[in-house]
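Residues per chain, in single letters:
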Amino acid sequence: MSRAPHPLHVHGPRPGPDLQPPDDVLDAQAPHTHATRDGLDHDDSHARLHELAHGTPILEVEAVTFGYQDGAVALRGLSLAIPKGRRVAVLGANGSGKSTLFLTLNGILRPDAGRVLLGGVPVRYDRAGLNDLRRRVGLVFQDPDSQLFAASVRQDVSFGPINLGLTGAEVRARVEAALADTQIEDLADRPTHLLSYGQKKRVAIAGVLAMDPEVLVADEPTAGLDPEMTLRLLSLLNALHRSGRTVVLSTHDLELAYAWADVALVLRRGELVADGTPARVFQDEELLRRAGLVQPLVLQTFTRLEAAGYFPPGLPAPHSPAELAALVLGQRHAARANDDPVAGVSVFRRDA
Amino acid sequence: MNPFPVDAYAYANRLHAAHPGEKLLFAGLTMGVALAAGSPIVAAAGFALACLAATRMAGIPLVVFLRFVRLPLGFVLAGALSMAVSVVDPSAALASLPVGRWQVGVAPAGLSQAVRVFGVSAACIAAGTFLALTTPVADIGAQLRRWRVPGLFVELLLLVYRFVFVLVETAQSIHLAQEARLGYVTRRRTLHSVGLLVSSLLVRALARADALFTALSARGYTGRLDVLDEEFAWSRRNLGLVAAAAVAQLAFAIATRLGGLP
């Protein structure tokens, strides 16, 4: 019996048909989370914030320039680092270079200039180098129909691990584990084309997960999903993060990025214009506007209340409607997001 | 939405767990005997057997089976009719009508050829429909691979199958978008819109092929679309039935040949 490749903890009672978020999302409000959040509040440690945003990089992009054949330059001397084991949100307007960046991270696109480093080592673009990169950095595409090619779900998920050259038994174990982690065991024998959009998204993730990557890069994984499916998808990404993986996603959902990510990277016309904790990145309204983004509603509200002198200066910005409400009510230590009907995006948040 | 409900039966019939090899063998042998014998009587027997296998063994309602057989059979019928009717010598024709300088009608040779072609086609269609309604395409592909059918052929078969649905969905959504902007308001506009639809389908198909290649590369594609195939157990009973059906058809074919029947 081979080792289960992804020791995740998402197998629990499955969420029912009602709109409750999955159990493991609710786990986010476990007591230790509180302690961590309090710690963050009190020591105001810039060192910790810095560490969060700038941990050991697993992927580095150094002065990368990439232009498409039609002359469009998508990346202009872009440099950035993806810290290991973090949840990273890549933000930017349409056409800012997010998708091109992701294709570069997986070696599909080769930079015209500059280089990509994986674990500090420059990526080699020969077959062995690319195989290694694609094994360690999994890429989930935005449109699952462009990724799913096989006639049945199980077959599609098995494609990646077979390409890794694993034996039949190992492939089988990987596939079953990936199906279980994405909670789609019941879809295993279904024909791919009969799945709903949300199901296809899960299968697409399972197909990448089965390759057991260290870094999971997902291009707009929540685009087109309803709120419940979005929650389930985030809980899945959180489980992957807990299992030690680095999770990178691009999104236009700024509320989500703000509440979910440890690190936010903002691209504008192929260049990095901001990089840091979401709290820091989202503070600069001017910068956001230039990048075609806006502040999350929670932060907008907080900023306006703060500017009006409603709060004492220097308060850490709230991450969720619940935290904001707690601040407003002057009882932030009693914030119990899971008892709060307006908890909203707070359930996204999960401390490392 | 599933534009081709064939799949619904393929995944939910009493034979869905049966070894795909057994079903392929049955369909293949039925087609083979019908084609080799070239006799409408043998073909009728093959048709009946495929029909029986689908309804009695797989539990597919007869109405459903006949509905799926009907459309391709219609095409074959049209072809057979044109084969039966030709320019004939009125003295040898069963029936004929003057058309200008010629006599157009039905000659015995043409008629028997038409009946033979129609019969053999009907048997093959019934056998193919049996297979389509009882066996998921993924399993057919897997079995063909095990029988060492060239990988390129099997991969193409499976890719075509997968992307037919995407193509149909795309065509439907383009059609809807055109319809919503009065693209089909007159016959003239209809022709124009259909032309646009077809050309944009081609462009999108090419773009999709590109996207697929990119996505496959991201998962380590190097020219082979290998996937994990289901394992099935051969059933002695089913193999026996397949053999019995084949032997019976073969015996029937020989008997009709010896008896001088058509």
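A quick note: this is a predicted structure, and the numbers were derived from the prediction, not measured. (Residues numbered from 1 in each chain as written. Chains lettered and ligands numbered in written order. Predicted model: local features only at pLDDT ≥ 70, side-chain atom pairs only at ≥ 80, totals over all residues.)

**Student:** Give a description of the overall build of chain A that names residues and reports values.
**Tutor:** Helix and strand counts for chain A come out as 15 helices and ten strands. Relative to its 352 residues, chain A shows a buried fraction of 49%. At a minimum sequence separation of 6, the contacts of chain A that also span at least 24 residues come to 69%. (Helix = DSSP H or I, 4+ residues; strand = E, 2+ residues; numbered from the N terminus. Buried ≥ 20, exposed ≤ 12 C-beta atoms within 10 Å, placed from the backbone. Contact = placed C-beta atoms within 7 Å.)

**Student:** Which residues make up the packing of helix α2 (residues 20-37) of chain B against helix α6 (residues 137-146) of chain B, and what values go with them?
**Tutor:** Residue and element names in this part refer to chain B. Where α2 meets α6, the axes come as close as 9 Å, and the angle between the chain directions of the two elements is 85°. Judged on the interaxial angle alone, α6 and α2 are roughly perpendicular. Residue-level contacts link Pro20, Gly21 and Leu24 of α2 to Asp139, Ile140, Ala142 and Gln143 of α6. Partitioned by chemical class, the residues of the contact of α2 with α6 number four nonpolar, two polar and one charged. (Axes fitted to C-alpha atoms, helices over the stretch in contact; angles between N-to-C directions. Parallel < 35°, antiparallel > 145°, perpendicular 65-115°, else oblique. Nonpolar A, V, L, I, M, F, W, Y, C, P; charged D, E, K, R; others polar.)

**Student:** Any chance you could break down the sheet that holds strand β4 (residues 113-118) of chain A for me, citing the residues and the numbers?
**Tutor:** All names here are of chain A. The strand order across the open sheet built from four strands is β2-β1-β4-β5, with neighbouring strands paired in antiparallel fashion. In this open sheet, the two strands that pair with only one neighbour each are β2 (73-83) and β5 (121-122). In the sheet, strand β1 (residues 57-67) pairs with β2 via seven bridges, with the strands oriented antiparallel. Bridge assignment links glycine 67 to a residue of β2, and that residue is valine 73. Across the sheet, helix α4 (residues 98-105) touches β1, β2 and β4, and the angle it forms with β1 is around 120°. (Pairing = 2+ DSSP bridges.)

**Student:** Requested: an account of the interface of chain B and chain A, with residues and values cited.
**Tutor:** Every contact between the two is made by 28 residues of chain B and, on the other side, 31 residues of chain A. When residues of the side of chain B that touches chain A are traced back to their parent elements, those giving at least two are α1 (6-11), α6, α7 (151-180) and α8 (187-218) of chain B. At eight residues, α8(B) tops the list of elements feeding residues into the side of chain B that touches chain A. Looking at side-chain class alone, the side of chain B that touches chain A contains 17 nonpolar, six polar and five charged residues.

**Student:** Explain the sheet that holds strand β8 (residues 246-250) of chain A residue by residue, including any values.
**Tutor:** Residues and elements named next belong to chain A. Taken in spatial order, the six strands line up as β6-β7-β8-β3-β9-β10 in an open sheet, and their pairing is mixed. Here the strands that pair on one side only, and so sit at the sheet edges, are β6 (137-140) and β10 (271-276). Here the average twist between neighbouring strands, direction ignored, is 15°. Direction of pairing for strand β3 (residues 87-91) relative to β8: parallel, over a ladder of four bridges. The residue of β8 that forms the bridge with alanine 89 is leucine 249. On top of the sheet, α4 reaches β3, β6, β7 (215-219), β8 and β9 (263-268); it is set at about 150° to β7, its chief contact.

**Student:** How would you explain the pairing of β3(A) if you had to name every residue and give the values?
**Tutor:** Residues and elements named next belong to chain A. Buried residues dominate β3, accounting for five of its five residues. Residues Arg87, Ala89 and Leu91 of β3 are buried on one face, and the alternating residues Val88 and Val90, pointing to the opposite face, are buried as well. Pairing geometry for β3 and β9, over four bridges, is parallel. Note on β9: the bridge partner recorded for valine 90 is leucine 265.

**Student:** Mind laying out the confidence of the model for chain A, listing which residues take part and the relevant values?
**Tutor:** Residues and elements named next belong to chain A. For chain A, per-residue confidence averages 81 on the pLDDT scale, and residues scoring 70 or more make up 78% of the total. Note on residues 1-44: pLDDT is under 50 here. Beyond four places in sequence and across chains, it has 59 contacts. With pLDDT under 50 throughout, residues 340-352 is counted as low confidence; its partners more than four residues away or in other chains account for 41 contacts. (pLDDT = per-residue confidence, 0-100.)

**Student:** Give me the lowdown on α4(A), citing residues and values where you can.
**Tutor:** Residues and elements named next belong to chain A. In terms of burial, α4 is a largely internal element, seven of the eight residues being buried. Listing the buried residues of α4 in full gives Lys98, Thr100, Leu101, Phe102, Leu103, Thr104 and Leu105. One or two steps after α4, the chain reaches glycine 107, where phi turns positive at roughly 80°.

**Student:** Residues and numbers for the environment of Leu25(B), please.
**Tutor:** Residues and elements named next belong to chain B. Checked against the element boundaries, leucine 25 lands in helix α2. Looking at leucine 25, the number of C-beta atoms within 10 Å reads 18, which means it is partly exposed. In this structure, the C-alpha to C-alpha distance between leucine 25 and alanine 243, residues 218 residues apart in sequence, is 9.0 Å.

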